[in-house]
Amino acid sequence: MNVFKHSIIALIVLTAAGCQKDLTAENQASAVASSVCQLCDYRYKNLSNLKWVNADLQGAYLYNVNMANSDFTSSNLRSANLTLGNLTRIDLSKSSLQNSTFENATMVGASLRLANASQANFKSANLEYSELSGAIMTTADFSNAVLDYSFASKAYLVSVNMTGASLKNIDLQGANLEGANLSGADLSNANLKMANLRNANLSGANLSKATLNFANLISANLDGAILKNAVIIGANLSQANLNRADFLNAKMSSLIDKTANYCDARLPDGTRSETCD
């Protein structure tokens, strides 16, 4: 059984019971087949090009691990530490990632589709071109992370922290971002059609050329946000804070915004709103 796509990858397996063995060509298949390795210490190890579906690595120490191109579909990595890991093109679809740490990890092209990463730490991680569609990520921390060109349609991102994150060209259509903190985030060219941004903090965010058709922005804070050339049709802006927001050349129509505060906002025609509550 060729579990690895490359020849032999030597690594150390430390089980929760403390036993130790070499995962060489002779025994790698049986070790992977066992699936369970809670609290294992895999720091700095090479786990690239590995197919290990349904693995149980809960609480594993995977600091600076190389898991590039590996398949960990439907695995349990709750509370695992993957700080600084190379997770390029890893498949974590349908996996349990609650309370795990991916800080400063490289996750370009990774798939977390339908995964549960609630309360996970993705601070400063690189998730460019990643697949997050349908993922549950309640209160996860993506501060200063890079998610450019990622797919997160219908993702559950309630109360996530995305302050200072780079979300250029991201697809968040139908995503639930209620109560999310996106202050200072770069959402230029983002697709936010039908997204739920109720009570979200978008102060100082860059939404230039973003599409927010039929988005729910009730009570959202867009103080100082940049929405130049944005397309905002049929969105609900009731009680939204639009103070000092910049809508220059934005396409805006059929809005529900009678109770929105446009104080000192720059309107699509370049004039300043004088309506202040």
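Residues numbered from 1 in each chain as written. Predicted model: local features only at pLDDT ≥ 70, side-chain atom pairs only at ≥ 80, totals over all residues. Heavy atoms only, no water.

1. Focus: the overall build of the protein chain
Worth spelling out the cut-off: Strands here are runs of E lasting at least two residues and helices are runs of H or I lasting at least four, both read from the DSSP assignment and numbered beginning at the N terminus. Relative accessibility decides the category of a residue: with a 1.4 Å probe and only protein chains considered, values under 20% of the type maximum give buried, values over 50% give exposed, and everything between is partly exposed. Contact between two residues is taken to exist if any of their heavy atoms lie within 4.5 Å; hydrogens are not considered. Shrake-Rupley sampling with a 1.4 Å probe provides the accessible areas, and residues are treated as covered by the protein chains on show and by no other component.
Counting secondary structure elements, the protein chain contains one helix and four strands. Out of the 277 residues belonging to the protein chain, those deemed buried represent 50%. By sequence separation, contacts in the protein chain at least 24 residues apart represent 5% of the contacts at least 6 residues apart. Roughly 11,700 Å² of accessible area belongs to the protein chain as shown, and the carbon and sulfur atoms make up 45% of that amount.

2. Quick look at the environment of Ala-230
Locating Ala-230 in the fold gives a position in the loop between helix H1 (28-34) and strand E3 (231-233). Given a relative accessible area of 0%, Ala-230 falls into the buried group. Taking the C-alpha atoms as reference points, Ala-230 and Asp-246, separated by 16 residues in sequence, lie 9.9 Å from one another. Beyond its immediate sequence surroundings of up to four residues, Ala-230 is in contact with Leu-207, Lys-209, Ala-210, Ala-250 and Lys-251.

3. A closer look at the side chain of Ser-118
Looking at the secondary structure, you find Ser-118 in the loop between H1 and E3. Ignoring anything within four residues of it in the chain, the contact list for Ser-118 reads Gln-98, Asn-99, Ile-136, Met-137 and Thr-138.

4. Focus: the pattern of salt bridges
Our working definition: Counted as salt bridges are all cases of a side-chain nitrogen of Lys or Arg within 4 Å of a carboxyl oxygen of Asp or Glu.
Applying the stated criterion to the full structure yields seven salt bridges. Linking Asp-246 and Arg-266 is a salt bridge whose minimum nitrogen-to-oxygen distance equals 2.8 Å. Taken as a pair, Asp-246 in the loop between E3 and strand E4 (251-253) and Arg-266 in the segment after E4 lie far apart in primary sequence, 20 residues in all. Salt bridges sharing partners connect three or more residues here, namely Lys-228, Asp-246 and Arg-266.

5. Observations concerning unusual backbone geometry
At Arg-89, a residue that is not glycine, the phi angle is positive and equals roughly 60 degrees. By secondary structure assignment, the location of Arg-89 is in the loop between H1 and E3.

6. Side note on the nonpolar core
What counts, and what does not: As used here, the term nonpolar core means buried Ala, Val, Leu, Ile, Met, Phe, Trp, Tyr and Cys residues forming a set that is joined through side-chain atoms within 4.5 Å.
By size, the foremost hydrophobic cluster in this structure holds 81 residues, and its most contacted members are Leu-112, Phe-122, Leu-187, Leu-217 and Leu-227. Contact partners of Leu-187, with chain neighbours within four places excluded, come to Leu-167, Ile-170, Leu-172, Leu-182, Leu-202, Asn-206, Leu-207, Ser-208 and Ala-210.

7. Structural notes on the confidence of the model for the protein chain
The cut-off we apply is this: Predictor confidence is given residue by residue as pLDDT, running from a minimum of 0 to a maximum of 100.
Within the protein chain, residue pLDDT values average 89, and 87% of them lie at 70 or more. Every residue in residues 1-31 is under pLDDT 50, and counting partners more than four places away or in other chains gives 54 contacts.

8. With respect to the side chain of Asn-76
The test is simple: Here a polar contact means two N or O atoms within 3.5 Å. Within protein one must be a hydrogen donor candidate and the other an acceptor candidate, and residues neighboring in sequence count only if both atoms are side-chain atoms.
With respect to the element layout, Asn-76 can be found in the loop between H1 and E3. A polar contact of 3.1 Å, which involves the side chain of Asn-76, links it to the side chain of Asp-56. Reaching out from Asn-76, the side chain makes a polar contact with the side chain of Gln-58 at a distance of 2.9 Å. In contact with Asn-76, other than residues within four places in its own chain, are Ala-55, Asp-56, Leu-57, Gln-58 and Ser-96.

9. Quick word on the state of the cysteines
Rules: Any cysteine sulfur atom paired with another within 2.5 Å is treated as part of a disulfide.
The final tally for this structure, using the stated rule, is one disulfide. With its sulfur 1.5 Å from that of its partner, Cys-37 forms a disulfide with Cys-40. Because the sign of the S-S torsion sets the handedness, a value of about -95 degrees for the bond joining Cys-37 and Cys-40 places this disulfide among the left-handed ones. Per residue, the accessibility class of Cys-37 equals that of Cys-40, and both read buried.

10. Brief notes about the environment of Ala-215
Counting through the fold element by element, Ala-215 comes out in the loop between H1 and E3. Overall, the relative accessible area of 2% leaves Ala-215 in the buried class. Sequence separation between Ala-215 and Asn-236 is 21 residues, and the spatial gap between their C-alpha atoms is 6.4 Å. Ala-215 has contacts with Leu-192, Met-194, Ala-195, Ala-235 and Asn-236, leaving out every residue within four places of it along the chain.

11. Brief notes about the environment of Leu-227
Here Leu-227 shows up in the loop between H1 and E3. C-alpha of Leu-227 to C-alpha of Asp-246: the two residues are 19 residues apart in sequence and 5.5 Å apart in space. Setting aside residues no more than four positions away along its own chain, Leu-227 makes contact with Leu-207, Ser-208, Leu-212, Leu-222, Ile-232, Ala-245, Asp-246, Phe-247, Leu-248 and Ala-250.

12. Section: the packing of aromatic side chains
Our working rule: Here is the rule: rings of Phe, Tyr and Trp (six-membered ring for Trp) pair when centre to centre is within 6.5 Å. Planes less than 30 degrees apart are stacked, more than 60 are edge-to-face, and the remainder are tilted.
Tallying each qualifying case throughout the model produces eight aromatic pairs. A ring pair is formed by Tyr-44 and Tyr-63, whose centres lie 5.7 Å apart and whose planes are at 75 degrees; its orientation type is edge-to-face. Of the two residues, Tyr-44 is situated in the loop between H1 and E3 and Tyr-63 in the loop between H1 and E3; the sequence distance between them amounts to 19 residues. Overall, the relative accessible area of 24% leaves Tyr-63 in the partly exposed class. Here Trp-52 and Phe-72 contribute two aromatic rings whose centre-to-centre distance is 5.9 Å and whose plane-to-plane angle is 40 degrees, an arrangement assigned as tilted. Here Trp-52, found in the loop between H1 and E3, pairs with Phe-72, found in the loop between H1 and E3; they are 20 residues apart in sequence, far enough to count as distant. Of the two residues, Trp-52 and Phe-72, both sit in the buried class.

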